[in-house]
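# Report on the structure
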Amino acid sequence: MWRVFLSFVTHRLFLVIVALSALHFQPTGQVPFSELLSRFSQRISQSSEVQAINSNESSPREPLLWIVQKLSRVVPFPTEFLLLGLSNLFFFLFLWELYLFVNTMALPEVAVDTCLLSILWLTSYEMSLGSALSLNCFLGILSLRSALDHRWLVTGLTLALLALTKPFAFFLLPLLLGFLLSQKKYSSPDAFARHCIYLLLPFLGAVFLRRDLYQNLGSIFQDSSLLSLIQSKESHWDLSWTYSTQYLGQTISLAILIIGSILCFFVFSTLLHKILPLFLVLALLLTTPYRELASNVLLAAPAFSGIAEVCSNPILRIIQLILLFFGAVEVFYLLIS
């Protein structure tokens, strides 16, 4: 795990240098080095997340933003730095849980390489810039690992927190129920009933609190990536839109996820491990618009374990270098514009 930690810290420091370089070499003229940090802070403060935190009208719906809003009232630090700190903390906790989770399916080396691919993913920088997705990814993988470890109260609570903001949790529930049923023969009837309550009661409470979100599941599915692809089939497989400049990155992301999940199906021996990445990819496609697919890929990060398992070390290092290069380019052009 120390390799994952060092890679995470090194990669984020590298992206900070790239970001500051982009702010320095602005098209309107070079920005003095003494102003770079203030410019960087200003760009973060303009994000929708910081604006939602600073809004006095209501509490943010995202748990991460709610936590930052409450902390900002008692801790003497700027809101944007609190958001950066917590989003990076939860992203690292996500990597920790991902490592432990993949380690139950494969060798430690595969778990490390899966985490490295997640760190270097082209849009993972968003989670270090204050995106609430870092907490959502952490909650998703923690609910899965807790289920495998028979910690059903933790599973229910984490799934409920995820359900407050992501319908992705709704489609995780059948998978977790499958875990629970597979463990039924090892539990007494009383213990099994208690585990069902631990899993379902917090989740149902979260659905009730966010009934405005779950009443619109139909419209969420109508806007989902899966339905967009199905509609292409009805148009005689006219997939030309998926290769346009606007959607090419999303299409590449989808191809990588599908390849990774299919490889998992063939390389892992346990049926549960075979289908789990495919199930996560399907849940992502059912709840995510095609235009947002690349940003939400890490919700299905266990699919990367198939690529990490099959590829040799030289090929993996080439993939990592490619991701590092294009991730840096993405950050540079984001801040220079």
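Every value quoted in this text rests on a predicted model; they were computed, and no experiment measured them.

Before going further, it helps to spend a moment on the overall build of the chain. Regarding its fold elements, the chain presents 18 helices and two strands. The C-alpha atoms of the chain give 21 Å as radius of gyration, which agrees with the globular expectation for 337 residues (20 Å, within 12%). Expressed along its principal axes, the backbone C-alpha trace of the chain runs to roughly 70 × 50 × 50 Å. Counting all 337 residues of the chain, 50% fall into the buried class. For the chain, contacts bridging at least 24 residues in sequence account for 70% of all contacts bridging at least 6. Carbon and sulfur atoms make up 67% of the accessible area of the chain, which amounts to about 16,400 Å² in all.

Here the chain averages 85 in pLDDT, while 95% of its residues score no lower than 70. In the model of the chain, strand β2 (residues 29–30) stands out as the element of lowest mean pLDDT, 66, in contrast to helix α9 (residues 152–163), which has the highest, 94.

Summarising the element assignment, Arg12 is placed in helix α1 (residues 2–24). No salt bridge is formed by the buried Arg12; the nearest opposite charge belongs to Glu126, separated by 9.6 Å.

Glancing now at the nonpolar core. Among the nonpolar cores identified, the biggest contains 103 residues, and Phe94, Leu144 and Leu298 are the most heavily contacted of them. Here this core gets 13 residues from one element, more than from any other, and that element is helix α5 (residues 79–103).

What follows deals with the packing of helix α2 (residues 36–45) against α5. The geometry of α2 relative to α5 is characterised by a closest axis approach of 9 Å and an angle of 80 degrees between their N-to-C directions. As summarised for this structure, α2 and α5 are arranged roughly perpendicular, according to the angle between their axes. On α5, the residues touching Phe40, Ser41, Ile44 and Ser45 of α2 are Glu80, Phe81 and Leu84.

Let's shift gears to the environment of Ile17. Counting through the fold element by element, Ile17 comes out in helix α1. Assessed through its relative accessible area of 55%, Ile17 is described here as exposed. Separated by 311 residues in sequence, Ile17 and Ala328 place their C-alpha atoms 9.7 Å apart.

In this structure the tally under the stated criterion is seven salt bridges. In this structure, the salt-bridge partner of Arg291 is Asp223, at a minimum N-O distance of 3.0 Å. One end of the pair, Arg291, is in the loop between α16 (271–287) and α17 (304–310); the other, Asp223, is in the loop between α13 (217–222) and α14 (225–234), and 68 residues separate them in sequence. Overall, the relative accessible area of 45% leaves Arg291 in the partly exposed class. Members of the salt-bridge network, linked through shared partners, are Glu97, Arg145, Asp149 and Arg151.

A word on the packing of helix α15 (residues 248–267) against α16. Closest axis-to-axis distance for the α15/α16 pair is 6 Å, and the angle between their directions is 155 degrees. On the basis of their axis angle, the class for α15 and α16 is roughly antiparallel. Handedness of the α15/α16 crossing: left-handed. For the pair α15 and α16, the contacting residues are Leu254, Leu257, Ser261, Ile262, Cys264, Phe265 and Phe266 in the first and Lys274, Ile275, Pro277, Leu278, Val281, Leu284 and Leu285 in the second. Within the contact of α15 with α16, the residues separate by chemical class into twelve nonpolar, one polar and one charged.

As for its position among the elements, Ala111 is in helix α6 (residues 108–120). Classification of Ala111 by relative accessible area gives buried; the value is 0%. For the pair Ala111 and Tyr99, spaced twelve residues apart in sequence, the C-alpha separation works out to 5.0 Å. The contacts of Ala111, once residues within four sequence positions are left out, are Tyr99, Val102 and Asn103.

Among the residues of α2, those classed as buried are Leu36, Phe40, Ser41 and Ile44. All buried residues of α2 lie within an arc of 135 degrees about the axis, which places them on one face of the element. Considering only its buried residues, α2 is in contact with α1, α3 (48–54) and α5.

With that settled, the discussion passes to the state of the cysteines. Counting across every chain of the model gives zero disulfides. For the unlinked cysteine Cys311, the closest cysteine sulfur is that of Cys264, found at 11 Å.

The next thing to look at is the environment of Leu321. When you line up the elements, Leu321 lands in helix α18 (residues 313–336). Residue class for Leu321 comes out exposed when judged on its relative accessible area of 56%. Residues Leu321 and Gly130, spaced 191 residues apart in sequence, show a C-alpha to C-alpha distance of 25 Å.

The rules behind the values
- Residue numbers run consecutively from 1 along every chain, following the written order of its sequence.
- pLDDT decides what is reported in this predicted model: residues at 70 or higher carry local features, side-chain atom pairs at 80 or more are listed and counted, and totals for whole chains, interfaces and linings draw on all residues regardless.
- Values reported for side chains reflect all heavy atoms of the structure, with hydrogen atoms and water molecules removed beforehand.
- By the criteria applied, helices consist of DSSP H or I runs no shorter than four residues and strands consist of E runs no shorter than two, each listed in order from the N terminus.
- Based on C-alpha atoms, the radius of gyration is set beside the globule rule, defined as 2.2 Å times the residue count to the power 0.38.
- We call a residue buried when its accessible area falls under 20% of the maximum for its residue type, exposed when it is over 50%, and partly exposed in between, using a 1.4 Å probe and counting protein chains only.
- Throughout, a residue-residue contact means that at least one pair of heavy atoms, one from each residue, lies within 4.5 Å.
- For accessible areas, the Shrake-Rupley method is used with a probe of radius 1.4 Å. Any residue's cover is judged against the shown protein chains and nothing else.
- What pLDDT expresses is the predictor's confidence in each residue, scored from 0 to 100.
- For this count, His and the chain ends are skipped, Lys and Arg are scored as positive, and Asp and Glu as negative.
- By definition here, a salt bridge exists when the distance from a side-chain nitrogen of Lys or Arg to a carboxyl oxygen of Asp or Glu is within 4 Å.
- By convention a nonpolar core is built from buried Ala, Val, Leu, Ile, Met, Phe, Trp, Tyr and Cys residues, the set being connected through side-chain atoms within 4.5 Å.
- Axis definition: a line fit to C-alpha positions, over the contact stretch in the case of helices; interaxial angles, taken between N-to-C directions, run 0 to 180 degrees.
- Should an angle fall under 35 degrees it is taken as roughly parallel, and over 145 as roughly antiparallel, whereas 65 to 115 is taken as roughly perpendicular and any remaining angle as oblique.
- Handedness of a crossing follows from how the near helix is turned relative to the far one, being left-handed for an anticlockwise turn of less than a right angle and right-handed for a clockwise one.
- All amino acids are sorted into three groups, where Ala, Val, Leu, Ile, Met, Phe, Trp, Tyr, Cys and Pro are nonpolar, Asp, Glu, Lys and Arg are charged, and the leftover types, Gly among them, are polar.
- Note: the arc covers the axis-to-C-beta directions of the helix.
- Note that a disulfide, as used here, is simply two cysteine sulfur atoms within 2.5 Å.

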